[in-house]
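Chain by chain, the residues:
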Amino acid sequence: MAEKWRQLVSDKRQRQQKCIPKELLVASPTDDLLDVRTYPDTCGLLTGREVDITNTRDVEVLLRKLASAQAIVAHQLVNCLTEIFVERALARAAELDEYLNRTGKVVGPLHGLPISLKDQISIKGLEVTMGYASWIGKYSDRDAVMTQILYACGAIPFVMTSVPQALMWSETYNLIFGRTSNPANRTLTCGGSSGGEGALIGMRGSPLGIGSDLGGSVRYPSAFNGLYGLRPSYGRLPYSGCVNSLEGQDSSPSSLGPMSGSLSGIKAFMRAVIAQEPWLLDPLCVRKKWDEDAYKLAEHGGGEKLCFGIMWDDGDVVPSPPVLRALEMTKVALEAAGHTVINWKALKHQELYDSLVSIWMAGALSDISATTAETGEPRLTSMSPEGSTSIETGVDYTPGISAYDLWQVQKKRTTLREEYLAHWRATAERTGTGRPVDAIIAPVAPFPPPPHGLTKISAYTVAWSALNYVCCVLPVTSVDPEMDGKKPPHAFLSGRDQENYELYAPERFKNAPIGLQVIGGTLEEEAVIAMAEIVDEALKARATALD
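Residues numbered from 1 in each chain as written. Predicted model: local features only at pLDDT ≥ 70, side-chain atom pairs only at ≥ 80, totals over all residues. Heavy atoms only, no water.

With respect to the overall build of the protein
- When helices and strands are tallied, the protein shows 19 helices and 15 strands.
- With the principal axes as the frame, the protein shows a C-alpha extent of 60 × 55 × 50 Å.
- When the 547 residues of the protein are sorted by exposure, 59% land in the buried category.
- Sequence separation of at least 24 residues holds for 80% of the intrachain contacts in the protein that already meet a minimum separation of 6.
- Of the accessible surface of the protein, which amounts to about 21200 Å², a share of 52% is contributed by carbon and sulfur atoms. (Helix = DSSP H or I, 4+ residues; strand = E, 2+ residues; numbered from the N terminus. Buried < 20%, exposed > 50% of the residue type's maximum accessible area, 1.4 Å probe, protein only. Contact = heavy atoms within 4.5 Å. Areas by Shrake-Rupley, 256 points an atom, 1.4 Å probe, with all protein chains shown as cover.)

Quick notes on the pattern of salt bridges
- One pass over the structure, following the stated rule, counts 24 salt bridges.
- The salt bridge involving Glu533 is made with Lys267; its shortest N-O contact spans 3.8 Å. One end of the pair, Glu533, is in helix H19 (residues 525–546); the other, Lys267, is in helix H10 (residues 263–275), with 266 residues separating them in the sequence.
- Taking the shortest distance from any N to any O, the salt bridge between Arg496 and Asp316 comes out at 2.7 Å. One end of the pair, Arg496, is in helix H18 (residues 495–503); the other, Asp316, is in the loop between strand E11 (307–310) and helix H12 (321–336), with 180 residues separating them in the sequence.
- Among the residues examined, Arg496 registers a relative accessible area of 40% and is labelled partly exposed.
- Look at Asp316 and you get buried, because its relative accessible area is 10%.
- Overlapping salt bridges, with partners in common, bring together Asp11, Lys12, Arg15, Glu83 and Glu127 in one network. (Salt bridge = Lys/Arg side-chain N within 4 Å of Asp/Glu carboxyl O.)

Observations regarding the confidence of the model for the protein
- Chain-level statistics for the protein give a pLDDT mean of 94 and a share of 95% at 70 or above.
- Mean pLDDT values over the elements of the protein span from 44, in helix H4 (residues 59–62), up to 99, in strand E13 (residues 439–443).
- Confidence drops under pLDDT 50 across residues 59–66; counting only partners more than four residues distant or on other chains, this segment forms 30 contacts. (pLDDT = per-residue confidence, 0-100.)

Concerning the packing of aromatic side chains
- Counted under the stated rule, the structure contains 12 aromatic pairs.
- Considering the side-chain rings of Tyr420 and Trp464, the 5.9 Å spacing of their centres and the 85° angle between planes classify their relative orientation as edge-to-face. Residue Tyr420 is located in helix H15 (residues 403–425), and its partner Trp464 is located in helix H17 (residues 459–467); the two are separated by 44 residues in the primary sequence.
- According to the relative accessible area criterion, Trp464 is buried, its value standing at 0%. (Phe/Tyr/Trp six-rings, centres within 6.5 Å; stacked < 30°, edge-to-face > 60°.)

Remarks on H10
- The end-to-end C-alpha separation of H10 is 18 Å, in line with the 18 Å expected for 13 residues at 1.5 Å each.
- Taking burial as the measure, the 13 residues of H10 include 10 buried ones, the bulk of the element.
- Within two residues after H10, Glu277 carries a phi angle of roughly 50°, on the positive side. (Expected span 1.5 Å × (residues − 1).)

With respect to the side chain of Gln165
- Mapping Gln165 onto the fold places it in the loop between strand E3 (156–161) and strand E4 (173–174).
- Looking at Gln165, the relative accessible area reads 1%, which means it is buried.
- Here Leu380 takes part through its backbone nitrogen, which lies 2.8 Å from a polar atom of the side chain of Gln165.
- Excluding residues that lie within four positions of it along the chain, Gln165 makes contacts with Met130, Gly131, Tyr132, Tyr173, Asn174, Leu175, Thr372, Glu377, Pro378, Arg379 and Leu380. (Polar contact = N/O pair within 3.5 Å; in protein donor to acceptor, adjacent residues only side chain to side chain.)

Looking at unusual backbone geometry
- Between Gly192 and Ser193 the backbone carries a cis peptide bond, its omega angle lying at 5°.
- For Ser193, the location among the structural elements is in the loop between strand E7 (185–189) and helix H8 (195–202).
- Phi angles above zero are rare outside glycine, and Asn79 is one such case at about 60°.
- As for its position among the elements, Asn79 is in the loop between helix H5 (68–78) and strand E1 (81–84).
- With a relative accessible area of 21%, Asn79 lands in the partly exposed category.
- Here the phi dihedral of Leu297 falls at roughly 60°; this positive angle occurs in a residue that is not glycine.
- With respect to the helices and strands, the residue Leu297 is situated in the loop between helix H11 (292–295) and E11.
- Classification of Leu297 by relative accessible area gives buried; the value is 3%.

Examining the packing of H10 against H19
- At a closest axis distance of 10 Å, the pairing of H10 and H19 adopts a crossing angle of 165°. As judged from the angle between their axes, H10 and H19 are roughly antiparallel. The handedness of the crossing between H10 and H19 comes out as left-handed. Residue-level contacts link Leu263, Ile266, Lys267 and Met270 of H10 to Glu525, Ile529, Ala532, Glu533 and Asp536 of H19. (Axes fitted to C-alpha atoms, helices over the stretch in contact; angles between N-to-C directions. Parallel < 35°, antiparallel > 145°, perpendicular 65-115°, else oblique. Left-handed = near helix turned anticlockwise from the far one by under 90°.)

Describing the nonpolar core
- The biggest cluster of nonpolar side chains holds 132 residues, and the ones touching the most others in it are Ile115, Met146, Ile210, Phe269, Trp360, Ile441 and Trp464.
- Sort the elements by how many residues they give to this core and H19 lands first, with 10 residues.
- Leave out the neighbours within four places in its chain, and Ile441 touches Phe308, Gly309, Ile310, Met311, Leu327, Thr330, Leu334, Leu516, Gln517, Val518 and Val535.
- Residues Val26, Val73, Leu77 and Val86 belong to the second largest nonpolar core, which totals 26 residues. (Core = buried A, V, L, I, M, F, W, Y, C linked by side-chain atoms within 4.5 Å.)

Some words on the environment of Val26
- Relative to the helices and strands, Val26 resides in the loop between helix H1 (4–18) and helix H2 (39–42).
- Beyond its immediate sequence surroundings of up to four residues, Val26 is in contact with Cys43, Leu45, Val73 and Gln76.

A word on the packing of H15 against H17
- In the contact formed by H15 and H17, the axes pass within 9 Å of each other and the chain directions differ by 95°. If you check the angle between H15 and H17, you find them roughly perpendicular. Counted together, Arg413, Leu416, Arg417 and Tyr420 of H15 and Trp464, Ala466 and Leu467 of H17 form the full contact between these two elements.
- A per-class count over the contact of H15 with H17 returns 5 nonpolar, no polar and 2 charged. (Nonpolar A, V, L, I, M, F, W, Y, C, P; charged D, E, K, R; others polar.)

So, H8
- Counting buried residues along H8, 8 of its 8 residues qualify, which places the element largely inside the surrounding structure.
- Within the span of H8, buried status applies to Gly195, Gly196, Glu197, Gly198, Ala199, Leu200, Ile201 and Gly202.

Written out as structure tokens, the structure is:
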């Protein structure tokens, strides 16, 4: 049995390699080329027109243009793909063209748009391994509801992207496909668990992808690869038919969410999917149509003069210098745009983190063990490269707890959510608008994307998941060793704070993207997207003014 998983992996790797057209094979860059984001432009495989297409970040411009060549080149540089089904995608594109030519109409709002999927979203007839060698050879017998909706919208799924074993990591490594790297600096992580999506879109190999987020799995890869990403409240988008870890854990399920090089991609995706009324296909999907009034910020003063709360730290870990600089840049830009910015005090974020991790770990070890038992596949206990020292990631796979003990954890989390809502509502006394803070702006992580194997799951994402708040990530800057020098030691807030301080070395993180998250209330997707647009526009206007 010990060798069964190895045989499965060997077979799968060979089959994947055969899916790469020979004409798209590229010479590997030398190890000292860390930033490979522009390598596809100069490798000689893409025409000038193809380079122009794939370098377009706005999804609305990319409709009806296929990105498969760029995706395959990207894969050879950062190892981001699992399933490559270009022929199927081309057949789908031909069907869409035939329909358009025959009727003069598009199939739907995403007609012809290539979309990449996290290796979790089932497509009939294809394998979805979710990073498990034990699931190699198991083919989906039906499309996930999300896949059905993408087809109804006219989209073209064309690749699936890599994930860590069992998903529950903030890096991307598994025993089947190996490690996925950060396109901006290949010595750094791309994040996880939607890391393949982050790396692929960061390489401009896909204009729009779908990840999932339980405790930060859309947000880490979006921030670490200079992208936009949305973590909706759970239930806003359909999950039925996807494979997952912790299935049956309904207290705090994960959410599917879009990732893109543009906010227009995030908005277009959400509008298109919600317009298909997914609650008619997924019984756990919230029955809530796209709310245009919410998008116009009807409950937030029409967006004319907003008040944002900036969270400089979570009371446990002080962010690294480039993350603090991103927060300061955002504050200055918003104030220059006429908005108000006040300090946000984190309330019991570590307790929120602990409650959610306890819910996950109530049965996680049993879940993973049951999956790997058949083939003898080892359960990964680290994302560290072979031969490196493992670190504590912040999540321990402990034995399960009783149903009663789980109820007590969930009861405490409910109390924490009640306290946080009251905490937010009380800010109306400080905003000057008569409303509570419209949105919170916070780090996605207290660090830039770390070297492989050194990423810890932090309360900076998990706390918002515990509250089920909507979060939208946007890119702000990247690490500049001259601007982001290491600061003298401060009075450390915790052992985790000291570890974060010691991790940071400016040259080590050179070029690493830095993103922030805009946070709104539960099921406030439309308003959060709109406020993220306001923040994004303010940052771009400020950058233009300084040029």
